[in-house]
Amino acid sequence: MARKKKDETVELKVPEHVAIIMDGNGRWAKKRFLPRSAGHSAGSRTVEQICDDAWSLGIKYLTVYAFSTENWKRSDSEVATLMDLLRKYMKNCLERSRKNNMKVCVIGDVTRLDEDLRHSIEELTRESAGNTGLCFTVALNYGGRDELVRAFKKMMADAQSGRISESEVSEETISQYLDTAGMPDPDLVIRTSGEIRLSNFLPWQSAYSELYFTDVLWPDFDKKELIKAIEYYNKKDRRFGGRNEE
Ligand code: FPP
């Protein structure tokens, strides 16, 4: 992508896969004397906009942390609000994914979700599977350690039935057992609202990702902020532990 800056043209290298920890909905609402649910609704609108912005900037994969395995500890009413928002989102998203050619995936343990939500997810992921636009992944009841536990269980079952042997276990085969199988690892992980931690989000996949933390609260995150994150990514010297070729 080329962007004009004053008189010069600056070439920005756009990360192929951006993953986002969307934090700060509650504080956004509090600042406005609104209930936390209003922050989550605003955050949900930001998700829709940022999908369009990401695609227009040239990002191919966008993954967002919508509900973690730890989020069940929130109050019953907050969990219900988030589940209702996700329900609405999955329903509306079917229409949007048809219009903008977006492929939608879900990672995480969906078995704990209500049946109607699981059904909407199944319909949306099946209907959008052949789309060739943005590959948008929602992490739902996702925890990186839980993902690894489920992956090890699948691998052990495959070992017992002779489908995999010890000599075949490698970083590549482990990746194929994760929820993100087939997706490239994130190049850039963004966390909003000033917290400096990954909170169990894609721990295996983000081993070499660039990390960008911003104080901006998720509902206020927009295309300008996404470009700032990409500019930060451009300043980084990605060596993957080796030496850069001149
Ligand atoms: C963190 O903010 C955010 C969440 C736990 C949920 C993220 C969910 C959404 C943005 C909306 C639904 C998602 C989709 C994909 C439609 P927080 O409540 O922890 O904020 P705080 O730290 O300021 O309290």
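As a reminder, the structure under discussion sits directly above these lines.
Below you will find a few notes about this structure.

Parameters and conventions
- Residues numbered from 1 in each chain as written.
- Predicted model: local features only at pLDDT ≥ 70, side-chain atom pairs only at ≥ 80, totals over all residues.
- Heavy atoms only, no water.
- Axes fitted to C-alpha atoms, helices over the stretch in contact; angles between N-to-C directions.
- Helix = DSSP H or I, 4+ residues; strand = E, 2+ residues; numbered from the N terminus.
- Parallel < 35°, antiparallel > 145°, perpendicular 65-115°, else oblique.
- Left-handed = near helix turned anticlockwise from the far one by under 90°.
- Contact = heavy atoms within 4.5 Å.
- Pairing = 2+ DSSP bridges.
- Salt bridge = Lys/Arg side-chain N within 4 Å of Asp/Glu carboxyl O.
- Buried < 20%, exposed > 50% of the residue type's maximum accessible area, 1.4 Å probe, protein only.

The subject of this paragraph is the packing of helix α2 (residues 36-57) against helix α3 (residues 76-100). It is the contact of α2 with α3, at a shortest axis distance of 11 Å, that shows an interaxial angle of 20 degrees. By the angle between their axes, α2 is roughly parallel relative to α3. Crossing of α2 against α3: the hand is right-handed. In this structure, α2 uses Arg36, Ser37, His40, Ser41, Ser44, Val47, Glu48, Cys51 and Asp52 to contact α3, whose residues at the interface are Glu78, Thr81, Leu82, Leu85, Tyr89, Arg96 and Asn100.

Time to look at the sheet that holds strand β8 (residues 210-213). Paired through backbone hydrogen bonds, the strands of a sheet run either parallel or antiparallel to each other. The sheet built from six strands is open, its strands ordered β5-β6-β4-β3-β7-β8 with parallel pairing. Whereas interior strands pair on both sides, the edge strands pair on one side only; in this sheet they are β5 (103-107) and β8. Geometrically, the sheet is characterised by an average inter-axis angle of 20 degrees between neighbouring strands, direction not taken into account. Strand direction decides the pairing type here: β5 and strand β6 (residues 135-142), joined by five bridges, are parallel. Bridge pairing in β6 places Val106 opposite Val138.

Another point: the pattern of salt bridges. The tally for this structure, following the rule as stated, stands at 18 salt bridges. Between Arg27 and Asp23 there is a salt bridge, with the nearest N and O atoms lying 3.6 Å from each other. Its relative accessible area of 18% is what places Asp23 among the buried residues. Residues Glu195 and Arg197 are paired through a salt bridge, measuring 3.4 Å at the closest nitrogen-oxygen approach. The exposure class assigned to Glu195 is partly exposed, which follows from its relative accessible area of 24%. For Arg197, a relative accessible area of 45% translates into the label partly exposed. Via salt bridges that share partners, Asp23, Arg27, Arg191, Glu195 and Arg197 belong to a single interconnected network.

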